[in-house]
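# Structural features, examined
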Amino acid sequence: MPENPNRVEIARRVEKAEKLLQKGKTAEALAEYLLVLQDDPPNDNVRQMAADLCLSLNKGAQAVILLG
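For the structure given in this document, a descriptive report is provided here. (Residues numbered from 1 in each chain as written. Predicted model: local features only at pLDDT ≥ 70, side-chain atom pairs only at ≥ 80, totals over all residues. Heavy atoms only, no water.)

## Topic: the overall build of the protein
Note the threshold: Helical segments are the DSSP runs of H or I of at least four residues, strand segments are the runs of E of at least two, and each set is numbered from the N terminus. In this setup the radius of gyration rests on C-alpha atoms only. A globule is expected at 2.2 Å times the number of residues raised to 0.38. The buried label applies to any residue whose accessible area, calculated with a 1.4 Å probe on protein chains only, is under 20% of its type's maximum; exposed applies above 50%, and partly exposed to all values in between.
Counting its secondary structure elements, the protein contains four helices and zero strands. Sequence-ordered secondary structure for the protein, helices as α and strands as β, is α-α-α-α. Here the C-alpha atoms of the protein give a radius of gyration of 12 Å, agreeing with the 11 Å that 2.2 N^0.38 yields for 68 residues. With respect to the three principal axes, the spread of C-alpha positions in the protein is 40 × 30 × 15 Å. Counting over 68 residues, the protein shows a buried share of 29%.

This is the structure we're talking about:
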């Protein structure tokens, strides 16, 4: 049986990504969101945020992969 992601840890990491965004560190926030998705692939909220950041960083192909 696959292990459920630790929700507290996921929430902490999402909060970290949001703080990075507030500081204008878009690339670092994207990296954090992508790490969250490795541990919690069905997290559509984080997937959408990561795709939006990809678009803002002109990484359209990566956004398509995330949303595909």
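## Regarding the side chain of Arg13
As a reminder of what qualifies: Polar contact is defined as a pair of N or O atoms within 3.5 Å, subject to the rule that within protein one atom must be able to donate a hydrogen and the other to accept it, and that residues adjacent in sequence are counted only when both atoms are side-chain atoms. Any two residues having at least one pair of non-hydrogen atoms within 4.5 Å are treated as being in contact.
Here Arg13 shows up in helix α1 (residues 7-22). On the basis of relative accessibility, which here comes to 10%, the residue Arg13 falls in the buried class. A distance of 3.5 Å separates a polar atom in the side chain of Arg13 from a polar atom in the side chain of Glu32. The residues touching Arg13, leaving out its near neighbours within four places in the chain, are Glu32, Leu35, Val36 and Asp39.

## A closer look at the nonpolar core
The condition that has to hold: Only buried residues count toward a nonpolar core. Its members are Ala, Val, Leu, Ile, Met, Phe, Trp, Tyr and Cys residues joined through side-chain atoms within 4.5 Å.
Core analysis: the biggest nonpolar cluster contains 16 residues, and Val14, Tyr33, Val46, Ala50 and Leu66 have the highest contact counts within it. At the level of secondary structure, the elements contributing two or more residues to this core comprise α1, α2 (26-39), α3 (44-56) and α4 (60-67). The residues contacting Leu66, other than those within four sequence positions of it, are Leu34, Leu37, Arg47, Ala50, Ala51 and Cys54.

## Structural notes on the pattern of salt bridges
To be explicit about the condition: Throughout this description, the term salt bridge denotes a Lys or Arg side-chain nitrogen within 4 Å of a carboxyl oxygen of Asp or Glu.
The tally for this structure, following the rule as stated, stands at six salt bridges. Residue Arg7 pairs with Asp40 through a salt bridge whose shortest N-O separation is 2.8 Å. Here the residue Arg7 occupies a position in helix α1, and Asp40 occupies one in the loop between α2 and α3, the gap between them amounting to 33 residues. Where salt bridges share partners, they join Arg13, Lys16, Glu32 and Asp39 into one cluster.

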